Amino acid sequence: MTYDEIVKLSEPLSYRDKFRLAQLLIQLARKEEEEEYPEEREIINTSGAEVVQYVAERL
C-alpha cells in the first residue's frame with residue numbers, strides 16, 4: 001500500500017479517528033526506528049519527589 005492510497009482511504013475518517021491513526025503511526029515509526037538504530041539508553045533513577053519538583057519548576 002502506498003502513501004497516496006492511505007491518504008485517500010483516511011479522508012472520510014472522523015477527526016478523532018484521524019488523530020488515533022496519527023498516534024498509531026507515530027508509535028509504529030518510533031518502534032521501527034528503535035529497532036533499526038538500537039542504542040543504549042541512559043537509565044535515570046529518580047524518585048517521585050524529584051520528578052514532581054522537576055515538573056513543578058517548569059510550570
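Just so it is clear, the model here is predicted, and its values are computed rather than measured.

Participant: Just give me the short version of the overall build of the protein, but keep the residues and values in it.
Facilitator: Each helix and strand counted, the protein has three helices and zero strands in total. In terms of C-alpha radius of gyration, the protein reaches 18 Å, well past the compact-globule figure of 10 Å for 59 residues. For the C-alpha atoms alone, the extent of the protein along its principal axes is close to 45 × 30 × 15 Å. Within the protein, buried positions represent 2% of all 59 residues. Here the protein has roughly 6200 Å² of accessible surface; of this, 56% comes from carbon and sulfur atoms. Taking the 8 positively charged and 14 negatively charged side chains of the protein as two groups, their mean positions are separated by 10 Å.

The rules we used
Residues numbered from 1 in each chain as written. Predicted model: local features only at pLDDT ≥ 70, side-chain atom pairs only at ≥ 80, totals over all residues. Heavy atoms only, no water. Helix = DSSP H or I, 4+ residues; strand = E, 2+ residues; numbered from the N terminus. Rg over C-alpha atoms; globule rule 2.2 N^0.38 Å. Buried < 20%, exposed > 50% of the residue type's maximum accessible area, 1.4 Å probe, protein only. Areas by Shrake-Rupley, 256 points an atom, 1.4 Å probe, with all protein chains shown as cover. Lys, Arg positive; Asp, Glu negative; His and termini not counted. Charge placed at Lys NZ, Arg CZ, Asp CG, Glu CD.

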